[in-house]
Amino acid sequence: MADPWQNAMDHAVAVARKAGEVVCDALRGDRAVMTKSSVVDLVTQTDQKVEQLIIQSVKEKFPTHRFIGEESVAAGEPCVLSDSPTWIIDPIDGTTNFVHAFPFVAISIGFAINKQVEFGVVFSCVEDKMFTARRGKGAFCNGEPLQVSRQEAVEQAMVATEFGSDRDADVVDKIFQSLRNILCLPVHGVRGAGSAAINMCLVASGCVEAYYEIGIHVWDVAAASLIVSEAGGVLMDVDGGDVDLMSRRIIAANSKTITERLVKAIVPFSLPRDDATPPKKS
Ligand SMILES: O=P(O)(O)OC[C@@]1(O)O[C@H](CO)[C@@H](O)[C@@H]1O
Ligand SMILES: [Mg+2]
Ligand SMILES: [Mg+2]
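Residues numbered from 1 in each chain as written. Chains lettered and ligands numbered in written order. Predicted model: local features only at pLDDT ≥ 70, side-chain atom pairs only at ≥ 80, totals over all residues.

Just to check I follow, could you spell out the site of ligand 1 for this structure?
Residues in contact with ligand 1 amount to 16 residues; listed here are only the nearest, Thr-95, Glu-162, Gly-164, Ala-196 and Asp-220. Classifying every residue of the shell around ligand 1 gives four nonpolar, six polar and six charged. Residues lining the shell around ligand 1 come from more than one domain, with at least three contributed by each of domain 1 (6-145) and domain 2 (154-265). (Near = placed C-beta within 6 Å. Nonpolar A, V, L, I, M, F, W, Y, C, P; charged D, E, K, R; others polar. Domains from an automatic or database assignment.)

Got a minute to help me understand the environment of Cys-184 in this structure?
Here Cys-184 lies in the loop between helix 5 (169-183) and strand 11 (189-191). Cys-184 sits in the exposed class, given 9 other C-beta atoms within 10 Å. (Helix = DSSP H or I, 4+ residues; strand = E, 2+ residues; numbered from the N terminus. Buried ≥ 20, exposed ≤ 12 C-beta atoms within 10 Å, placed from the backbone.)

What's the story with the confidence of the model for the protein in this structure? I'm lost.
A low pLDDT means the predicted coordinates there should not be read in detail. Chain-level statistics for the protein give a pLDDT mean of 96 and a share of 98% at 70 or above. Reported confidence for the predicted complex is 0.93 by ipTM and 0.96 by pTM. (pLDDT = per-residue confidence, 0-100.)

What exactly am I supposed to notice about the UniProt feature "binding site: Mg(2+) 2" (unreviewed entry) in the protein here?
Following the UniProt record, the feature "binding site: Mg(2+) 2" (unreviewed entry) maps to Asp-90, Asp-93 and Asp-220 here. These annotated residues cover 131 residues of sequence, and their C-alpha atoms lie no more than 6.5 Å from one another, placing them together at a single site. Position of Asp-90 relative to the elements: it lies in strand 4 (residues 86-93). The residues contacting Asp-90, other than those within four sequence positions of it, are Glu-70, Ser-108, Ala-197, Trp-219 and Asp-220. Tracing the backbone through its elements, the reader meets Asp-220 in helix 7 (residues 218-230). Not counting residues within four places of it along the chain, the set of residues in contact with Asp-220 comprises Asp-90, Asp-93, Ser-108, Ala-196 and Ala-197. (UniProt positions renumbered as here; feature names shortened; annotations may be inferred. Contact = placed C-beta atoms within 7 Å.)

For this particular structure, what's the right way to read helix 6 (residues 196-204)?
An α-helix turns once every 3.6 residues. As a result, residues three or four positions apart point the same way. Burial analysis of helix 6 places nine of its nine residues in the buried class, which makes it a mostly covered element. Every buried residue belonging to helix 6 is among Ala-196, Ala-197, Ile-198, Asn-199, Met-200, Cys-201, Leu-202, Val-203 and Ala-204, and all of these are buried. Looking one or two places after helix 6, you find Gly-206, whose phi comes out positive at around 80°.

Please clarify how the packing of helix 6 against helix 7 should be interpreted in this entry.
For any two helices packed against each other, one specifies the crossing angle of their axes together with the interaxial distance. Where helix 6 contacts helix 7, the two axes come as close as 8 Å, and the packing angle between them is 5°. By the angle between their axes, helix 6 is roughly parallel relative to helix 7. Residue-level inspection shows Ala-196, Ala-197, Met-200, Cys-201, Val-203 and Ala-204 of helix 6 in contact with helix 7, the latter providing Asp-220, Val-221, Ala-223, Ala-224, Ile-227 and Val-228. Tallied by class, residues from the contact of helix 6 with helix 7 come to 11 nonpolar, no polar and one charged. (Axes fitted to C-alpha atoms, helices over the stretch in contact; angles between N-to-C directions. Parallel < 35°, antiparallel > 145°, perpendicular 65-115°, else oblique.)

Help me out: how do you make sense of helix 8 (residues 256-265) in this one?
Within helix 8, burial applies to Ile-258, Thr-259, Arg-261, Leu-262 and Ala-265. When helix 8 is viewed along its axis, its buried side chains cluster within an angular range of 160° and face the same direction. Facing away from the buried side of helix 8 by over 90 degrees, the exposed positions are Lys-256 and Lys-264. Structurally, helix 8 contributes buried residues whose contacts are with helix 5, strand 12 (210-214), strand 13 (234-236) and strand 14 (249-253). (Arc of directions from axis to C-beta.)

Here it is, written out as structure tokens:
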């Protein structure tokens, strides 16, 4: 039976590639920087331009579909995942990298129906790597199948994480405490691309065994969550519970074994859910 959403996924890949051209062009020019929730939570006109490019192009083909876009939510749109077909968009995941021309920036487009991600597209545009996944049909990078690492010994694992954009000393202390606990398991190393989406695609590619973070948003991880699971990986909340893409917490790993070791090492804390923050628009 033909896949009713293949046309939508093909469009997502095409518009992600087009958005990647805009981002890479902007990397060669000036990038006016603005701030959002803190002085280190950055956004640029390119983030906003790319998000509108994606949303407008999808609306032309799928006028009844809904959207959760990072910069639309920042401008006051509600962050609500209903059962309706919903596009979950991060126009530039790794804006701080983009501002500094640090070459790991991704366009992330997830597509959910009945609150379940049906396809995910992450385009790491400087690397020219198009990561894709369709539920039940595997995960790919530039058409090549992806498989998570088979390493199950955490002492021989590489782990990815990020420090986020919260500079509250107590929060930073918790982040560092988890990092210290994980380093001293020990693990071979800790890395961070500066983008949740790219970190998770590194898990799907078998380059790192796990990625965890407290502070992400649904738009950072929706697309890549399916890429990880379709590459044979597992997703979990940092406290060992079921993953909740609106909870701002995630572990994406190659196996339950490694995930469970990380759960014991991570110092969990909670943040306001993405869908709990009231829209700013009156
Ligand atoms: O605001 P952006 O660039 O879309 O995303 C921010 C981000 O890169 O920062 C975090 C690193 O702490 C990642 O989890 C997340 O992907
Ligand atoms: Mg992001
Ligand atoms: Mg972003």
